Amino acid sequence: MSRFRLCVLGARSAPKRYCQPAKASGISRAKPLAGLCLVAGWLVAGLPVESQSQRSIGGVVTSSDGKPLEGAAVSTRAEGSTMTTSVWTNQQGEYSFPPLPDGRYRMWAQAVRFTLTRAEQTLAVGKEVRQNFTLPPYADVWRQLDDIEWFESLPDDTPEDRGMPGRMKRVLHYNCGTCHNSGYLFAKRFSAADWELIHTHMSNLTSRADPPYDDEGITNKARETEYTDEAPGGGTFASPMLDAGGKPLGAQKRLMEFYKKDIIAYLTRVRGPEAYPMAWRTLPRPTGDAANIVVTEYDVPEGGTLNRLDPKTGRMTQFTLGRDGGTARNDTPAYYLNEYRNGSDWSRGIRNQFQEIGQHDLKVGRDGYVYLPPGIGRDLDPQGNVWFSGAGGGVKFDVKAETFTVYPLPKGWEGFENGKGVDSQGRFWAATAAGAYRLDPRTGQYTLFPSVTPLGRPYGLTVDREDKAWFAQIAVDKIGYVDGRTGDVGEVTLPPIADEPMTDEDRKTERGWTWNQPIYGKGPRRLQADPRGDYVWASSYFGGLLSRIHIRTKQLTEYKLPGPYRFGNPYEPVVDKNGIVWVSMSNADLLARFDPRTERFTFYPIPTRGHNARNIDVDNTPAIPEVWVPYQAGGKVARVQFRTNPAR
Amino acid sequence: MRFPYQVICLVLLAVFGWLPAAPRAQGAGTPSTPGVPKTDQQKSGEAIFQQNCTLCHVFSGDKKRFNVQSSTELIGLYKRPTVTDEAVRTLILVGMPGRMPSFRYTLAAREIDDLIAYLKIR
């Protein structure tokens, strides 16, 4: 199928991005249609066109005393649809949805400290519908809390804090927060004996992924050497810690055991049998620009395979790699829906058992579709094909032919770690335990580029516009890089946290690994290069900050997330065409925007409780870029659109 | 206080036939996939199950790899003739020392009702 044909289709029914490749490639017949495609795509895609006459459903949200509620979320979903649209009220309590298709709609409005209230409406052609909501107060506010509101509400001056305000919040954040949203943990209350049982269970679990005894097969095979280091960063642990059988404890279990008494005592104190006099501190509701958005959520089908989303219709198409290497296409994938589980009702609390069980990755294609690959890590090649990993190697999905190609790793080589990228030459990069792999798809040959610091636990990976591959080393607070043109390797070190109080013993704890970290650590996890600029942006999951590194000078600048947002687990930063950095938040139902020019953060609401976003993407096609957010919990992906009409 | 607690645990062991915390396959004749909730109460119960029980009672490759699975996924639990609402409720409230925490401080009575409604069809 030619690009020209795609553009013609776009003029009739497909999103406007279909026109972009044709225009870029200079196909002359496509150019006159580009504007038409843009307008048609804009209209049919239901973008937030700001026109009073096109409002479909609007109204006012008030509290029981009749006062307007600003920043309340109002959501709607048509019968039989897999799409949910959400907007937020303005200062007068007013809300308005963008144009919606005709149909029967369920609606609900909610805000923390208020009772979710439901309504139903029918939309007919040209009809503007008014639906007002009155929200009664809600008593059990703890059930509705966002994850970082839990951290805001927890005490920070208990005996276990040892005179260091907020120490225990950070101990729990660094030892539990990789696998559990804070609301999932803190909504529970147990006796001391049961907290100890749970701690023991978790400590045993975390030790299974500890270097050097873990199952991840650290670096021996890839380096083809016998590897004797045991501590993250190399060497051996400075202080011996042995288990009951005399076996050295690994990096993560050491931290779990070091903090065991304090963790159990603190949890029993604040979430034990005796009700602790908790002061529930909730974040201000969104106002101004932060409330002036439209979030469209699309349900994700079951099945760990590649889904392709048509944003206009919400239709998902599944592609599965068969055992014979063939590709199966399914245009009617199965959904499993339970509204009590999907986070749409905040009073149902944080749902997920583990953080990483849902849709982790997402990539906006160049063909008008959004791709939801399985696994962790993805990128597009210069032709717009989707790359990810699976089946023992790198996987390319040819978006035109709709076929998979697997490029297997050589037998005996270490597997991939989390990050994946593609450089300007179409070469596939992947993080691995020893550093980074590069695959040349023309030959199928992989090359290993070892990291400078061993045992740093390479995690996220990105490729900058000069073909340097950058990878976060989460265990040692370093960002490694490989110059794809010269093969040179190097790294940038993030300094330890110095602005948060901790004891001398805390500072003496040794490095952790993926799941557990010392509270002076930062934990760089995901990173993305600005495709048009000279910086790589990395997020530090544990430390709650963004790091900016110049791709040539390696100059490092850090920006800490303010106040309570520090506990939001900033995940992946992605830079849009205007240089704005968008950051997913996996421990806050927010999307962060960082403007490097003003060095200010803005936080936009996500309407699903405990959504746990991971690898996001930006669609730069519209005049105002849109952000796409996959949810690890709730079974959805979301499109965030920014409105321009302050009055809505 | 210890004696009645131990008695309760022994009774629960007899009812549920729990084994030491090591992964094992589902028993013969036990369905391998959970039932699908249909009523609001069952759906609510499934959500509560997801929030409180799955860490031990739903298996996965990682859990198998890390040897942290519980002895059963509770699929077809109510097909066992000895299982009653009261026994299940007691187990949820009391827990089992060294095996399973008590949810008496976490779950409200209505939530346990919903959870039981789900376990009946799981």
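### Observations concerning unusual backbone geometry
All names here are of chain A.
Here's step 1: The backbone of Glu402 shows a phi angle near 55°, a positive value even though the residue is not glycine.
Here's step 2: Judged by its relative accessible area of 22%, Glu402 falls in the partly exposed class.
Here's step 3: Within the chain, Glu599 stands out as a residue other than glycine whose phi angle is a positive 55°.
Here's step 4: By the secondary structure assignment, Glu599 is in the loop between β33 (590-595) and β34 (600-605).

### Looking at the packing of helix α7 (residues 192-207) of chain A against helix α9 (residues 251-258) of chain A
All names here are of chain A.
Here's step 1: Where α7 meets α9, the closest approach of the two axes is 7 Å, and the angle between their N-to-C directions is 160°. The pairing of α7 with α9 is recorded here as roughly antiparallel in orientation. By crossing handedness, the relation of α7 to α9 is classed as left-handed. Together, His199, Met202, Ser203, Asn204, Thr206 and Ser207 of α7 and Gln252, Lys253, Met256 and Glu257 of α9 make up the contact between the two elements.

### Looking at the interface of chain A and chain B
Here's step 1: Each side of the interface is counted separately: chain A has 30 residues, and chain B has 29 residues.
Here's step 2: If you look at where chain A meets chain B, you find two salt bridges.
Here's step 3: In this structure, Glu46 of chain B and Arg341 of chain A form a salt bridge, with 3.1 Å as the shortest nitrogen-oxygen distance.
Here's step 4: Taken together, chain A and chain B are joined by ten residue pairs in polar contact (both at pLDDT 80 or more).

### Examining the pairing of strand β21 (residues 435-440) of chain A
All names here are of chain A.
Here's step 1: Where burial is concerned, most of β21 is hidden: six out of the six residues are buried.
Here's step 2: Here strand β20 (residues 428-432) pairs with β21 via five bridges, running antiparallel. Residue Ala431 lies in a different strand from β21, and its bridge partner there is Ala436.
Here's step 3: Taking the residues that link successive antiparallel strands as the turn, the β20-β21 hairpin has two residues.
Here's step 4: As paired elements, β21 and strand β22 (residues 445-450) share six bridges and run antiparallel to each other. Bridge pairing in β22 places Ala436 opposite Phe449.
Here's step 5: Hairpin connection between β21 and β22: a loop of four residues separates the two successive antiparallel strands, and Gly444 in this loop has a positive phi of roughly 75°.

### Considering the pattern of salt bridges
When the charged atoms of two side chains lie near each other, side chains of opposite charge can form a pair.
Residues and elements named next belong to chain A.
Here's step 1: Summed over the entire model, instances satisfying the criterion amount to 41 salt bridges over all chains.
Here's step 2: A salt bridge links Asp477 to Arg511; its shortest N-O distance comes to 2.9 Å. Highlighted residues: Asp477 in the loop between β24 (468-473) and β25 (478-483) and Arg511 in the loop between α11 (504-508) and β27 (524-529), separated in sequence by 34 residues.
Here's step 3: What makes Asp477 buried here is its relative accessible area of 0%.
Here's step 4: One continuous salt-bridge network, built from bridges that share partners, spans Arg170, Asp499, Glu500, Lys560 and Arg566.

### Points about the environment of Gly103 of chain A
All names here are of chain A.
Here's step 1: Here Gly103 is to be found in strand β5 (residues 103-110).
Here's step 2: Note on Gly103: relative accessible area 22%, which makes it partly exposed.
Here's step 3: Each C-alpha atom of the pair Gly103 and Val125 lies 9.5 Å from the other, and the pair is 22 residues apart in sequence.
Here's step 4: The residues contacting Gly103, other than those within four sequence positions of it, are Gln121, Thr122 and Leu123.

### Here's the deal with the environment of Ser239 of chain A
Residues and elements named next belong to chain A.
Here's step 1: Within the element layout of this structure, Ser239 appears in the loop between α8 (220-223) and α9.
Here's step 2: Separated by 270 residues in the primary sequence, Ser239 and Thr509 have C-alpha atoms spaced 9.2 Å apart.
Here's step 3: With near-sequence residues (within four places) excluded, Ser239 lies in contact with Arg254 and Glu510.

### Quick word on the sheet that holds strand β14 (residues 370-372) of chain A
Residue and element names in this part refer to chain A.
Here's step 1: With antiparallel pairing, the five strands of this open sheet are ordered in space as β12-β11-β10-β14-β13. The open sheet has two edge strands, β12 (327-330) and β13 (363-364), and neither has a second partner.
Here's step 2: Sheet topology places strand β11 (residues 315-321) next to β12; four bridges connect them, and they run antiparallel. In the strand pairing of β12, Gln318 is matched with Asn330.

### Concerning helix α5 (residues 167-176) of chain A
Residues and elements named next belong to chain A.
Here's step 1: Taken across its ten residues, α5 has ten buried, putting it largely inside the fold.
Here's step 2: Taken as a whole, α5 has its buried residues at Arg167, Met168, Lys169, Arg170, Val171, Leu172, His173, Tyr174, Asn175 and Cys176.
Here's step 3: Contacts from the buried residues of α5 go to α4 (147-153), α6 (182-186), α9, α10 (260-270) and α11.

### Some thoughts on α10 of chain A
Here's step 1: Here α10 of chain A has its buried residues at Asp262, Ile263, Ile264, Tyr266, Leu267, Thr268 and Val270 of chain A.
Here's step 2: Packing partners of the buried residues in α10 of chain A comprise α5, α6 and α7 of chain A.

### Quick word on the confidence of the model for chain A
Here's step 1: When the pLDDT values of chain A are averaged, the result is 88; 87% of them are 70 or greater.
Here's step 2: This stretch, residues 1-53 of chain A, has a pLDDT under 50; its non-local contacts, to residues over four places away or in other chains, come to 82 contacts.

### Regarding the sheet that holds β25 of chain A
Residues and elements named next belong to chain A.
Here's step 1: If you walk across this open sheet you meet the four strands as β23-β24-β25-β26, and the pairing is antiparallel. At either margin of the open sheet sits one strand with a lone partner, and together these are β23 (458-463) and β26 (489-493). Each neighbouring strand pair of the sheet contributes to a mean axis angle of 25°, computed without reference to strand direction.
Here's step 2: As defined by bridge partners, β24 adjoins β25 across six bridges and the pair is classed as antiparallel. If you follow Gln473 over to β25, its bridge partner there is Lys478.

Definitions and cut-offs
- Residues numbered from 1 in each chain as written.
- Chains lettered and ligands numbered in written order.
- Predicted model: local features only at pLDDT ≥ 70, side-chain atom pairs only at ≥ 80, totals over all residues.
- Heavy atoms only, no water.
- Buried < 20%, exposed > 50% of the residue type's maximum accessible area, 1.4 Å probe, protein only.
- Helix = DSSP H or I, 4+ residues; strand = E, 2+ residues; numbered from the N terminus.
- Axes fitted to C-alpha atoms, helices over the stretch in contact; angles between N-to-C directions.
- Parallel < 35°, antiparallel > 145°, perpendicular 65-115°, else oblique.
- Left-handed = near helix turned anticlockwise from the far one by under 90°.
- Contact = heavy atoms within 4.5 Å.
- Salt bridge = Lys/Arg side-chain N within 4 Å of Asp/Glu carboxyl O.
- Polar contact = N/O pair within 3.5 Å; in protein donor to acceptor, adjacent residues only side chain to side chain.
- Pairing = 2+ DSSP bridges.
- pLDDT = per-residue confidence, 0-100.

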